[in-house]
Protein chains: 2
Amino acid sequence: MLFFTQCFGAVLDLIHLRFQHYKAKRVFSAAGQLVCVVNPTHSLKYAPTRCAAAQTSMEQGILPPCHHHEAVHDPQLVPCTCPLFSCPWEGHLEVVVSHLRQTHRINILQGAEIVFLATDMHLPAPTDWIIMHSCLGHQFLLVLRKQEKYEGHPQFFATMMLIGTPTQADNFTYRLELNRNQRRLKWEATPRSVLECVDSVISDGDCLVLNTSLAQLFSDNGSLAIGIAITTSKVHNAEAEM
Amino acid sequence: MLFFTQCFGAVLDLIHLRFQHYKAKRVFSAAGQLVCVVNPTHSLKYAPTRCAAAQTSMEQGILPPCHHHEAVHDPQLVPCTCPLFSCPWEGHLEVVVSHLRQTHRINILQGAEIVFLATDMHLPAPTDWIIMHSCLGHQFLLVLRKQEKYEGHPQFFATMMLIGTPTQADNFTYRLELNRNQRRLKWEATPRSVLECVDSVISDGDCLVLNTSLAQLFSDNGSLAIGIAITTSKVHNAEAEM
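Under an unreviewed UniProt entry, the name given to chain A is E3 ubiquitin-protein ligase, and the organism recorded is Eurystomus gularis. Heading Function (unreviewed entry) of the UniProt record for chain A holds this comment: "E3 ubiquitin-protein ligase that mediates ubiquitination and subsequent proteasomal degradation of target proteins. E3 ubiquitin ligases accept ubiquitin from an E2 ubiquitin-conjugating enzyme in the form of a thioester and then directly transfers the ubiquitin to targeted substrates." Taken directly from UniProt, the Sequence similarities (unreviewed entry) text for chain A runs: "Belongs to the SINA (Seven in absentia) family."

Here it is in structure tokens:
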């Protein structure tokens, strides 16, 4: 009987997933778009100062170790390249992708345009929804974060980071698009490098910011569909001139 | 000497205005776009409950008088059609445009696409920046409001209202666009009717919302340029299908 109940539960979950996938495809009706259902990860620890040292040194063009880590660091290691604020990991830029896949089980998707479907938007802050996006020969990281910048008023912050250097990041433009119920919100910007640290991008507010009320307007049954597209900067500039 | 100083000040003001106008034109480089410099009006009084009665009755399809007004009302008059929250005026929908022009000296602009250049974004909340936009045979009202929804954290809210009925408003789509420094933010929605009251649209957060940090990223020397375009809803739907 228990086995039957569990099987039935699993089938219901699959139907629900399929239904969400179908709904997201309907919203972003362009043919060939890949829809990825992204489940939340609750951030256990909040360390806003984690990247402060790295941020200052980035501006000076040096990459020192994070001072608040107590161990002695190999100067060849890049600190703070794991963009999850609850993770103290550090390592070379080249191994960030495998760290994110293996340790955090973050999916990697291929395709020029994808739809990121974040589930369970009602979960309390801090919560992250994360995927990697492989596109134009590079890997990008999309981070949607629910965070209480002002106590009692959670907001949603969405940004795209290049798993690469700031110079490489300058060659791209990313676009995040919400589209529901005769409303459309588009954010376009140059991705930041993961070396710049997602925490500081979010605290600076240099990303797509949604109040709870706007997030609810764009959500469907607790899930938020975000259309993502990445282009090279030259295409973006040509569009801006049109 | 005083005369000379004043003349010189006026000339400097004109040069500054011309310079701001030029900058806004450069940002929104499409030919033929009209740039309108909009100065702020500080809201002297905040009356969030002003439209509560009207809002409830709108949902029921009736237009009762505002209960908190102490005078006895002519049932032929429409309450709350002056969207400025510091103004207790009420009158027929047909005379809202002339009330806004004459009493509040709000400019009216012609053209399918215009640029709204709000000056002095640093002024404390509550502050409004308002223009009317005549387009496709109707008059629209653009309201940019700086307001502290959460104490100590001012935000900017921008929305477009049709000076007409909700049924008429459903035929249009408005777009607000910010574009600066390799960042672009676009909001598209159906305008609300001025009968629905701008205060409630803003308190619901169903509009373009900017944190102070985002507003600063898009501002240039204290001024925020917002590109405005209005289309009929059919055009919007066709675009969405593309």
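Asks: Residues and numbers for the overall build of chain A, please.
Replies: A count of helices and strands for chain A gives seven helices and 13 strands. Buried positions account for 52% of the 242 residues belonging to chain A. Expressed as a percentage of contacts within chain A between residues at least 6 apart in sequence, the contacts between residues at least 24 apart total 62%. Of the roughly 11,800 Å² that chain A leaves accessible, carbon and sulfur atoms contribute 56%.

Asks: Any details on helix 3 (residues 96-104) of chain A? Residues and values, ideally.
Replies: In an α-helix, one full turn covers 3.6 residues, which means residues spaced three or four apart are oriented alike. Residues and elements named next belong to chain A. Of the residues making up helix 3, those classed as buried are V96, V97, H99 and L100. With its buried residues spanning 165 degrees around the axis, helix 3 presents them on a single face. In the core, the buried residues of helix 3 are packed alongside strand 3 (108-110), strand 5 (127-135) and strand 6 (138-150). Positive backbone phi, approximately 55 degrees, marks R105, located one or two places after helix 3.

Asks: Describe unusual backbone geometry, with residues and values.
Replies: Going from A:A125 to A:P126, the amide bond is cis rather than trans, its omega being -5 degrees. Within the fold, A:P126 resides in the loop between strand 4 (113-118) and strand 5. Non-glycine residue B:N181 carries a positive phi angle of around 55 degrees. Here B:N181 shows up in the loop between strand 8 (172-180) and strand 9 (183-189).

Asks: Quick one: what's the story with the relation of the copies chain B and chain A, residue by residue and with numbers?
Replies: Mapping chain B onto chain A calls for a screw motion: a turn of 180 degrees about the axis and a shift of 0.0 Å along it, with 0.0 Å RMSD after fitting. On the angle and the small slide along the axis, the relation comes out as a two-fold axis. The position closest to the rotation axis in chain B is occupied by the C-alpha of B:K186, lying 2.5 Å away. Of all interface residues in chain B, 100% are interface residues in chain A too; the two copies therefore contact each other through one and the same surface.

Asks: Tell me what's going on with the UniProt feature "domain: Seven-in-absentia protein TRAF-like" (unreviewed entry) in chain A, and back it up with residues and numbers.
Replies: In this numbering, the UniProt entry assigns the feature "domain: Seven-in-absentia protein TRAF-like" (unreviewed entry) to residues 134-228 of chain A. With 19% helix and 58% strand, residues 134-228 of chain A has its two end C-alpha atoms placed 12 Å apart.

Rules used in this analysis
Residues numbered from 1 in each chain as written. Chains lettered and ligands numbered in written order. Predicted model: local features only at pLDDT ≥ 70, side-chain atom pairs only at ≥ 80, totals over all residues. Heavy atoms only, no water. UniProt positions renumbered as here; feature names shortened; annotations may be inferred. Helix = DSSP H or I, 4+ residues; strand = E, 2+ residues; numbered from the N terminus. Buried < 20%, exposed > 50% of the residue type's maximum accessible area, 1.4 Å probe, protein only. Contact = heavy atoms within 4.5 Å. Areas by Shrake-Rupley, 256 points an atom, 1.4 Å probe, with all protein chains shown as cover. Arc of directions from axis to C-beta. Least-squares fit on C-alpha atoms with pLDDT ≥ 70 in both.

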